[in-house]
Amino acid sequence: MNNQITELKKLEDFKNVYRVFSGPPYNEKYTEEELEEIFKEYQQKGYIYGAFADEKCIGMIVLERGAKADQPVKFQDEKVMYLADIAVLDDYRRLGLGNQLMIYGVMQSRALGYERLYMRTLENGSMSYNIARRIGFKQIPDAFQNVERERMNGTVETMKNIFLEIDLKSLNRDSLQQGMRMIKPNTDKERELI
């Protein structure tokens, strides 16, 4: 697979990938208008990068500048980036693309001059949790947030989220390579993606 990560500019590419959150384990419900709103907000507050294979967007990572005021995390005077979302289309999961996107997000945040990258995630049932932990993210102690979302079946469910962070100032090539080795790709195709 020949894939490339670059700025994601097209709303339709964004919608196509973002809809993975309507499947398990999230089963979140979004209208077309809500997806457009989310896309515009992400464009205004940060950066959207897509992974493309044969000109098709197959995954994405979204980074937002600064800490979010509605979250129970506090940072000193550091320049902080928030990893808002990471998603990979179902047919391209378990091939190392999520790993590649996460590492890209870490390196891009550092290249943009940020000192810390943090994210909110589910501790159980989230693919991003395992990837983040492997490449060096640590859980922020005592930082939890309950998030309510409407599900595809019309119910509203509350999910408990935790927060993870990585210190970009102390990040070095060796620590990232160690995290990449921990991923242990199983096939030649997976090794190409890392």
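### Some thoughts on the nonpolar core
Next up, step 1: Residues Phe14, Tyr18, Met102, Leu117 and Phe137 are the most contacted members of the largest nonpolar core, which totals 60 residues.
Next up, step 2: With eight residues, the top contributor of residues to this core is strand β4 (residues 80-88).
Next up, step 3: Once residues lying within four places of it in the same chain are set aside, the contact partners of methionine 102 are Ile61, Leu83, Ile86, Met119, Ser128, Ile131, Ala132, Ile135 and Phe137.

### Examining helix α2 (residues 32-45)
Next up, step 1: Over its 14 residues, α2 runs 20 Å from end to end, which matches the ideal 20 Å to within 8%, given 1.5 Å per residue.
Next up, step 2: Taken as a whole, α2 has its buried residues at Leu35, Ile38, Phe39 and Tyr42. Down the axis of α2, the buried side of the element spans an arc of 100°, and every buried residue falls inside it. Across from the buried face of α2, at angles greater than 90 degrees, the exposed residues are Glu33, Glu37, Lys40 and Gln44.
Next up, step 3: Tucked into the core, α2 has its buried residues touching α1 (11-18), β2 (46-53), β3 (56-65) and β4.

### Focus on the side chain of glutamate 28
Next up, step 1: Its location among the elements puts glutamate 28 in the loop between α1 and α2.
Next up, step 2: Reaching out from glutamate 28, the side chain makes a polar contact with the side chain of tyrosine 30 at a distance of 2.3 Å.

### Considerations on the pattern of salt bridges
Next up, step 1: Summed over the entire model, instances satisfying the criterion amount to ten salt bridges.
Next up, step 2: Ionic pairing is found between glutamate 12 and lysine 15, a salt bridge with its closest N-O pair at 3.5 Å. Of this pair, glutamate 12 and lysine 15 are both found in helix α1, three residues apart, which corresponds to roughly one turn of the helix.
Next up, step 3: Of the residues examined, glutamate 12 reaches a relative accessible area of 52% and is grouped as exposed.
Next up, step 4: Here glutamate 32 ties to lysine 15 by a salt bridge, and the two come within 2.7 Å at their closest N and O atoms. On the criterion of sequence distance, the pair formed by glutamate 32 in helix α2 and lysine 15 in helix α1 is long-range, its members being 17 residues apart.
Next up, step 5: Lysine 15 gets classed as buried once you look at its relative accessible area, which sits at 4%.
Next up, step 6: A cluster of three or more residues bridged by salt bridges with shared partners is formed by Glu12, Lys15, Arg19, Glu32 and Glu36.

### Digging into unusual backbone geometry
Next up, step 1: Even without a glycine there, the phi angle at glutamate 55 is positive, about 65°.
Next up, step 2: Within the fold, glutamate 55 resides in the loop between β2 and β3.
Next up, step 3: When its relative accessible area of 77% is taken as the criterion, glutamate 55 is described as exposed.
Next up, step 4: Positive phi outside glycine occurs at aspartate 142, with the angle close to 60°.
Next up, step 5: Checked against the element boundaries, aspartate 142 lands in strand β6 (residues 138-150).
Next up, step 6: Aspartate 142 gets classed as exposed once you look at its relative accessible area, which sits at 72%.

### A few points about the packing of aromatic side chains
Next up, step 1: Under the counting rule described, the total for this entry stands at ten aromatic pairs.
Next up, step 2: Taken together, a centroid distance of 5.1 Å and an interplanar angle of 25° make the contact between phenylalanine 14 and tyrosine 18 stacked. One end of the pair is phenylalanine 14 and the other is tyrosine 18, both in helix α1 and four residues apart, which spans about a single turn.
Next up, step 3: According to the relative accessible area criterion, phenylalanine 14 is buried, its value standing at 0%.
Next up, step 4: Its relative accessible area of 5% is what places tyrosine 18 among the buried residues.
Next up, step 5: With a centroid separation of 6.3 Å and an interplanar angle of 10°, the aromatic rings of tyrosine 47 and tyrosine 49 are classed as stacked.
Next up, step 6: With a relative accessible area of 7%, tyrosine 49 lands in the buried category.
Next up, step 7: Through successive ring pairs, a cluster of aromatic residues spans Phe14, Tyr18, Phe21, Tyr30, Phe39 and Tyr42.
Next up, step 8: Stacked on the ring of tyrosine 47, the Lys or Arg arginine 65 has its end atom at 5.3 Å from the ring centre.
Next up, step 9: Note that lysine 79 overlies the ring of tyrosine 114, its terminal NZ or CZ placed 4.9 Å from the centroid.

Calculation rules
Residues numbered from 1 in each chain as written. Predicted model: local features only at pLDDT ≥ 70, side-chain atom pairs only at ≥ 80, totals over all residues. Heavy atoms only, no water. Core = buried A, V, L, I, M, F, W, Y, C linked by side-chain atoms within 4.5 Å. Buried < 20%, exposed > 50% of the residue type's maximum accessible area, 1.4 Å probe, protein only. Helix = DSSP H or I, 4+ residues; strand = E, 2+ residues; numbered from the N terminus. Contact = heavy atoms within 4.5 Å. Expected span 1.5 Å × (residues − 1). Arc of directions from axis to C-beta. Polar contact = N/O pair within 3.5 Å; in protein donor to acceptor, adjacent residues only side chain to side chain. Salt bridge = Lys/Arg side-chain N within 4 Å of Asp/Glu carboxyl O. Phe/Tyr/Trp six-rings, centres within 6.5 Å; stacked < 30°, edge-to-face > 60°. Lys NZ or Arg CZ within 6 Å of the ring centre and 35° of its normal.

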